[in-house]
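Spelled out from the first residue to the last, the chains are:
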Amino acid sequence: MKTRRYIIKSAQDSHDAIVEAGLILRNGGLVAFPTETVYGLGANALDPSAVRKIFKAKKRPADNPLIVHIGYKKDLNRLVRHIPAQARLLINKFWPGSLTLILEKSDLISEIVSCGLPTVAVRMPSSPVALSLIRSAGVPVAAPSANRSGKPSPTTAEHVIEDLDGRINAVIDAGNTHVGIESTVLDLTVDPPVILRPGFITEKQIRRCIGTVNVYKGGTATAAVSQPRSPGMKYRHYAPDARLIIVRGKETDVHRFIARQAGVNRKRKLKTGILTTKKNHRYQNADIIYIGSSVNMIGRNLFSALREFNRLGVDVIYSESIPEKDFGKAVMNRLKKAAGYEITEL
Ligand code: TXA
Ligand code: MG
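Values in this document were obtained by computation on a predicted structure and should not be read as measured data. (Residues numbered from 1 in each chain as written. Chains lettered and ligands numbered in written order. Predicted model: local features only at pLDDT ≥ 70, side-chain atom pairs only at ≥ 80, totals over all residues. Heavy atoms only, no water.)

Enquirer: Help me out: how do you make sense of empty space enclosed by the protein in this one?
Expert: Any empty space left between atoms is shown by rolling a water-sized probe over those atoms. Taken as a whole and judged by the stated rule, the model has 1 cavity of 30 Å³ or more. Along the walls of the largest cavity sit Leu275, Thr277, Ile291, Ile298, Leu302, Ser319, Glu320, Ile322, Val331, Met332 and Leu335, which together make up its complete lining. At the level of secondary structure, the elements contributing two or more residues to the lining of the largest cavity comprise helix 10 (295–312), strand 15 (316–320) and helix 11 (327–338). Per-element tally for the lining of the largest cavity: the top contributor is helix 11, with 3 residues. (1 Å grid on protein atoms, 1.4 Å probe; cavity = no way out; pocket = protein on both sides within 12 Å on 5 of 7 lines; lining within 4 Å. Points joined across faces, edges and corners; volume = space filled by probe spheres on them. Helix = DSSP H or I, 4+ residues; strand = E, 2+ residues; numbered from the N terminus.)

Written out as structure tokens, the structure is:
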């Protein structure tokens, strides 16, 4: 199959692309599209054979359910059994936006979407392109991140093409996504609710809105494998080709340690990659990627940097760590997964 690329630069491109891509979705095809978090790979959520194609294109394990994206808040009504009071509060506050809610599913949601679970994940994205596309399709859109399973989530159309060219009908290219990290996933079918995946909408913001919430502690390699609450969490994620090691400690110690490792690796003829968040950190003997110093910039650039290291063909990557506060928790969650939880504490 030839993958059609719609490039959106002006309102007119946008109109034509959205109409055509909406038709593709409606007719059972696959369209990758930008949301404010990452690019998603969409299919008509009410058409099981279309949804099946998502799993095939991504090589996604069949037991990992999909998020259903809606274009209007009212579209939630027929997808779930009922909308609890806490969900209403959260929707008023955070939709459209980077918060996915797990609720009891209605019969309209097929087993293919929910992977046999009695629940469904739903979100209304805030990206104008995503919203127009879903509205133009006229159906709810099931969409996981538009990467090959296991790869870092795509934050540009190039990333999508890299992983899925020839396997999907179209991709809408509207440049870099804004947040860069996937949505917060909140399970509202348990009491208190549980954050299954941290994201841009933070624990603190959710707590302020609905009171007590728990946070799923899948934060270790063993917990992630042995007790997956959210099926997707047991799989290795975001992994770059090279070994990735997070280095944590006092800033000067981290800098010195990584600089020394790069020198040692050079002698061993190993190519080193370094992920830094400090412009003033000088390193030699390595491919260095500076991903920004604010947590928002780091979130936006992280997945792109992980992919870039693959292109550079490095053998080992050292990453500085960032404080695990607010959005920093979500960013570190992805970085730790990418590192297979390998952390050097200084
Ligand atoms: O920002 C995002 O959420 C992006 C964009 C495209 O919207 N989507 C995304 O989808 O990250 P995906 O499929 O890559 O991740 C969805 C996560 C997985 O960990 C999955 O296991 C979990 O949500 N999930 C989906 N349905 C669930 C359910 N019914 N119960 C528990 N977890 C669920
Ligand atoms: Mg994903």
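Read on, since the account is not over.
Enquirer: Can you help me understand the side chain of Thr276 in this one?
Expert: Within the element layout of this structure, Thr276 appears in strand 13 (residues 272–276). Here Thr276 falls in the buried class, since its relative accessible area comes to 2%. Those residues within four positions of Thr276 in sequence are excluded, and the remaining contacts are His281, Tyr283, Ile288, Ile289, Tyr290, Ile291, Gly292 and Glu320. (Buried < 20%, exposed > 50% of the residue type's maximum accessible area, 1.4 Å probe, protein only. Contact = heavy atoms within 4.5 Å.)

Enquirer: Mind showing me how you'd approach the environment of Ala130 here?
Expert: Tracing the backbone through its elements, the reader meets Ala130 in helix 5 (residues 128–137). Taking the C-alpha atoms as reference points, Ala130 and Leu188, 58 residues apart in sequence, are found 24 Å from one another.

Enquirer: Quick question: what am I supposed to make of the packing of aromatic side chains here?
Expert: Between two aromatic rings, the relevant description is the distance of the centres plus the angle of the planes. Enumeration according to the criterion identifies 1 aromatic pair in this entry. Lys74 extends its terminal NZ or CZ atom over the ring of Tyr72, reaching a point 4.8 Å from the ring centre. Positioned above the aromatic ring of Tyr72 is the side chain of Arg135, whose terminal nitrogen or guanidinium carbon lies 4.3 Å from the ring centre. (Phe/Tyr/Trp six-rings, centres within 6.5 Å; stacked < 30°, edge-to-face > 60°. Lys NZ or Arg CZ within 6 Å of the ring centre and 35° of its normal.)

Enquirer: Can you walk me through the sheet that holds strand 12 (residues 243–248) in this structure?
Expert: The pairing of strands in a sheet happens through backbone hydrogen bonds and is either parallel or antiparallel. Taking strand neighbours across the sheet as the criterion, the 5 strands line up as 14-13-15-12-16 in an open arrangement whose pairing is parallel. Two strands in the sheet have a free side with no partner beyond their single neighbour: strand 14 (287–290) and strand 16 (343–345). For this sheet, the mean inter-axis angle between neighbouring strands, taken without regard to orientation, is 20°. Sheet topology places strand 12 next to strand 16; 3 bridges connect them, and they run parallel. (Pairing = 2+ DSSP bridges. Axes fitted to C-alpha atoms, helices over the stretch in contact; angles between N-to-C directions.)

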